[in-house]
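Each chain is listed here by its residues.
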Amino acid sequence: MIEVSTPTITTRRVAVAAVIAAAEHPVSTIKLSCSPRAAWKYPDTPQIRALSDLYDAGQPVPVSQARIWDAYRRLIAEARQLQADRIGGEV
């Protein structure tokens, strides 16, 4: 049986990843093999694309600012942990 994987989007923009994570969509932090920086990966679905497009257009997103800041802090902390090799992640 062939397993079909869900397409994903990878971004280095933590603000976009934070908005998506705050909207309760799965976002994973990954360490880039070509750079000491981190990136964030999330599923490529129409709902997530619409949310990302709203944010990119400067429109209001249907997520509270407090939740976005919480997600932002969590994603930055995960990125720092990956950079320090304290937690495992995708390479």
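Residues numbered from 1 in each chain as written. Predicted model: local features only at pLDDT ≥ 70, side-chain atom pairs only at ≥ 80, totals over all residues. Heavy atoms only, no water.

Asks: Would you explain the overall build of the chain in this entry?
Replies: Within the chain, the secondary structure is distributed over 3 helices and 3 strands. Residue burial in the chain is summarised as follows: out of 91 residues, 33% are buried. In the chain, 11 positive and 9 negative side-chain charges are present, and the distance between their average locations comes to 8 Å. (Helix = DSSP H or I, 4+ residues; strand = E, 2+ residues; numbered from the N terminus. Buried < 20%, exposed > 50% of the residue type's maximum accessible area, 1.4 Å probe, protein only. Lys, Arg positive; Asp, Glu negative; His and termini not counted. Charge placed at Lys NZ, Arg CZ, Asp CG, Glu CD.)

Asks: Sorry, what's going on with helix α3 (residues 65-83) here?
Replies: Because the α-helix completes a turn every 3.6 residues, residues three or four places apart line up on one side. Relative to the 27 Å expected for 19 residues at 1.5 Å per residue, α3 spans 27 Å between its end C-alpha atoms, a close match to the ideal helical length. Listing the buried residues of α3 in full gives Ile68, Ala71, Leu75, Ala79 and Leu82. Taken end-on, α3 shows its buried residues confined to a sector of 75 degrees, consistent with a single buried face. Exposed side chains of α3 directed beyond 90 degrees from the buried face belong to Ala66 and Arg80. (Expected span 1.5 Å × (residues − 1). Arc of directions from axis to C-beta.)

Asks: Would you explain helix α2 (residues 46-56) in this entry?
Replies: Within α2, the full set of buried residues consists of Ile48, Leu51 and Ser52. Here the buried residues of α2 occupy an arc of 95 degrees about the axis, which is enough to place them on one side. Within α2, the exposed residues directed more than 90 degrees away from the buried face are Pro46, Gln47 and Asp53. On its buried face, α2 sits against α1 (14-22) and β3 (38-43). Looking one or two residues past α2, Gly58 carries a phi angle of roughly 80 degrees, positive in sign. (Contact = heavy atoms within 4.5 Å.)

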